[in-house]
Amino acid sequence: MAPFFAHVIAVLVGVTSTASAVTFTIPSQAHTGSYKYAPVDPAPVGISFEFFAFPSYFTNVTATTPCLSNWKDLTGVWPPIRIGGTTQDRAQYDSRTSAYVVYTVGNAADAPASLTFGSSFMTLAGSYGGSVVVGLNRGKNNLQNTIDAAKAAVNGMGNLLAIELGNEPECTPRFHFIRLSSM
């Protein structure tokens, strides 16, 4: 048993002496020195907003824009945002409403069981400085309403990155894919 431990100790001493001979100089800035760097995503963090609450975050919560701006200052670009979640599966587009969203809840802490939103919702999302993914309802299986909402998104958002059709699989009876270029 003693020769085995002597061998283990000899190996550990060899590893220790080898490891102590290796040194790395860490540059204080990226792309300096002789190291090769992999490209880094300029916006490694994305922010998701619950569909019905999105307008309030951008019109009533004063910390939202400064927080997103801090990410922009850190990375050089506005972080991408996603507007969706459970309430996107309950939302119906209404071109006649001038409100961002219309809903009622019994308790202010609840999420609405149903809601409508208008084109001003898309205009508000389009005013954001970064890219936006917006989720649309497939839960009510009203394909024409989804197409109308997608058209409002395309027309009202120059920063639209993608449209998410449906959020929760149990709320989405069928998925339809909309070719935005054909609108």
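No experiment lies behind these values; they were computed from the predicted model shown.

(A) How the structure looks around the pairing of strand β2 (residues 81–84). Note: strand β1 (residues 47–50) against β2, four bridges, orientation parallel. The residue bridging I47 from the neighbouring strand is I81, located in β2. As paired elements, β2 and strand β6 (residues 132–136) share three bridges and run parallel to each other. Each residue of the ladder has a partner; that of I83, found in β6, is V134.

(B) Representation of the confidence of the model for the protein chain in the model. On average, the protein chain scores 82 in pLDDT, and the residues at 70 or more come to 69%. Low pLDDT (under 50) marks residues 174–179, which in the prediction has 14 contacts with non-local residues, meaning those over four places away or in another chain.

(C) Molecular detail of the pattern of salt bridges. What the rule picks out here adds up to three salt bridges. The residue R82 makes a salt bridge to E164 at a minimum N-O spacing of 3.0 Å. Here E164 lies in strand β7 (residues 160–165) and R82 lies in strand β2, a separation of 82 residues in the sequence. For R82, a relative accessible area of 22% translates into the label partly exposed. Residue classification places E164 among the partly exposed residues on the basis of a relative accessible area of 22%. D94 is the partner of R96 in a salt bridge, and the nearest nitrogen-oxygen pair spans 3.0 Å. In this structure R96 comes out as exposed when scored by relative accessible area, which is 74%.

(D) Seen up close, the sheet that holds strand β4 (residues 101–102). Read across the sheet, three strands follow the order β3-β5-β4 without closing on themselves; strand pairing throughout is mixed. If you trace the sheet from one side to the other, it starts and ends with β3 (91–93) and β4, each paired once. Relative to strand β5 (residues 115–117), β4 is paired through two bridges, and the arrangement is antiparallel. By the bridge assignment for β5, V101 is matched with F117. Its contacts with the sheet put helix α5 (residues 143–156) on β3 and β5, and the angle it makes with β3 is roughly 70 degrees.

(E) Geometry of the packing of helix α4 (residues 119–126) against α5. Two elements in contact, α4 and α5, have axes whose closest approach is 8 Å; the angle formed by their N-to-C orientations is 35 degrees. Considering only the axes of α4 and α5, their crossing is right-handed. Residues M122, T123 and G126 of α4 pack against A149, A152, A153 and G156 of α5. Split into classes, the residues belonging to the contact of α4 with α5 amount to four nonpolar, three polar and no charged.

(F) Quick look at α5. With 14 residues, α5 should cover 20 Å at 1.5 Å per step; its first-to-last C-alpha distance of 20 Å lies within 8% of that length. Buried within α5 are the following residues: N145, T146, A149, A150, A152 and A153. Taken down its axis, α5 places every buried residue within 160 degrees of arc, on the same side. Buried residues along α5 sit in contact with β3, β5, α4, β6 and β7.

Cut-offs applied
Residues numbered from 1 in each chain as written. Predicted model: local features only at pLDDT ≥ 70, side-chain atom pairs only at ≥ 80, totals over all residues. Heavy atoms only, no water. Pairing = 2+ DSSP bridges. Helix = DSSP H or I, 4+ residues; strand = E, 2+ residues; numbered from the N terminus. pLDDT = per-residue confidence, 0-100. Contact = heavy atoms within 4.5 Å. Salt bridge = Lys/Arg side-chain N within 4 Å of Asp/Glu carboxyl O. Buried < 20%, exposed > 50% of the residue type's maximum accessible area, 1.4 Å probe, protein only. Axes fitted to C-alpha atoms, helices over the stretch in contact; angles between N-to-C directions. Left-handed = near helix turned anticlockwise from the far one by under 90°. Nonpolar A, V, L, I, M, F, W, Y, C, P; charged D, E, K, R; others polar. Expected span 1.5 Å × (residues − 1). Arc of directions from axis to C-beta.

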